[in-house]
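# Remarks on the overall topology
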Amino acid sequence: LNYDRWVNSPDFSNRDWSNIEVAINKVYDEKLTIQQGGHNKAADTTEWKNQLFAERKIFSDIATKTIYENRAGFLKSINDELHRELVLWDNDLTPKTFNATIFQVLGMAQKVPEKDPDRIVFPNGTFRPSTGKLEDTDLDKLAFLGFENYDYIENPQCPKFQDVIFSGIPKEQHSQVKAGLKSIFLPKRDSKISVIHGKSGSGKSTGLQILGELLGDDNFLAVTPKDFVEEKFIRAKIKDKLLVVFLELPKDFDSFMNTMKVATGESKQTTRGFYKDADVNIKIIAK
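Right, let's walk through the structure included here. These figures come from a predicted structure and were not determined experimentally.

Okay, the overall build of the protein chain next. Scanning the protein chain for helices and strands turns up eleven helices and twelve strands. Within the span of the protein chain, comprising 287 residues, buried residues form 34% of the whole. The contacts in the protein chain between residues at least 6 apart in sequence include a share of 57% that link residues at least 24 apart. Accessible area of the protein chain: about 18,800 Å², with a carbon and sulfur share of 51%.

Put into structure tokens, the structure is as follows:
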């Protein structure tokens, strides 16, 4: 506005606007450099954010403060990866700048879309539990579950795993174990609870550790009943988990049964999201 007034005044020196704009930007650049100790971090994080959204398909769940990326057709939480990337981008990054940047990414990212419950993504194709077949699909559409590091294998032979899972279980109960295993990998509500018991060192947790390793942190949660009951932020983590293991059940675990029933999908769970006062309704599909 001042420039337009100057153009129409008798004092105008014919100075081009672009010349003035360069001078203005130089002042702001110098100001940022002084404030940030000689390094323009504000410009750095802006460039990093622009690059993040230009090159990758990013989504967020604001209630749980989780940032996701579409990894070949399924969502992968990447909060820890982004932390590392940001620090490598600017090794003078302060916690305040980091928190502000992640806060902006959470708001800028798209809301998590609906996921197809009848798709499991592998590097070599997409498996549909309903048909039992592997097929190529549109990887822009999200599957509920995916594995980055494991190819799909037709009729795999896993004698060691089968020995771990079925050892000590009567033959007539094997069908129940198989049904339980299958249900873990399907994102459907199933309020059954299995209690594994046996002598110390008999291998009660080995099979569960294998399953937890396969599913990854996005789909698996191991927690003590006491922590689950007392820590609201842990209960919020149950969202989208396929398998939840309650460790070291006390002899009077009946006292935790109502809470565990909620945890396994008998009803919707209302809990508080991370760093939020608002209640969040969570659809439970955990086994």
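Okay, back to it.
Side chains of strand β6 (residues 125-128) alternate between two faces, with Gly125 and Phe127 and Thr126 and Arg128 buried alike. Pairing between strand β5 (residues 116-122) and β6: three bridges, direction antiparallel. Paired with Ile120 across the strands is Phe127, a residue of β6. Hairpin geometry of β5 and β6 is characterised by an intervening segment of two residues between the two adjacent antiparallel strands. Where β6 and strand β7 (residues 133-135) come together, three bridges link them in antiparallel fashion. Bridge pairing in β7 links Arg128 to Lys133.

The rules behind each value
- Residues numbered from 1 in each chain as written.
- Predicted model: local features only at pLDDT ≥ 70, side-chain atom pairs only at ≥ 80, totals over all residues.
- Heavy atoms only, no water.
- Helix = DSSP H or I, 4+ residues; strand = E, 2+ residues; numbered from the N terminus.
- Buried < 20%, exposed > 50% of the residue type's maximum accessible area, 1.4 Å probe, protein only.
- Contact = heavy atoms within 4.5 Å.
- Areas by Shrake-Rupley, 256 points an atom, 1.4 Å probe, with all protein chains shown as cover.
- Pairing = 2+ DSSP bridges.

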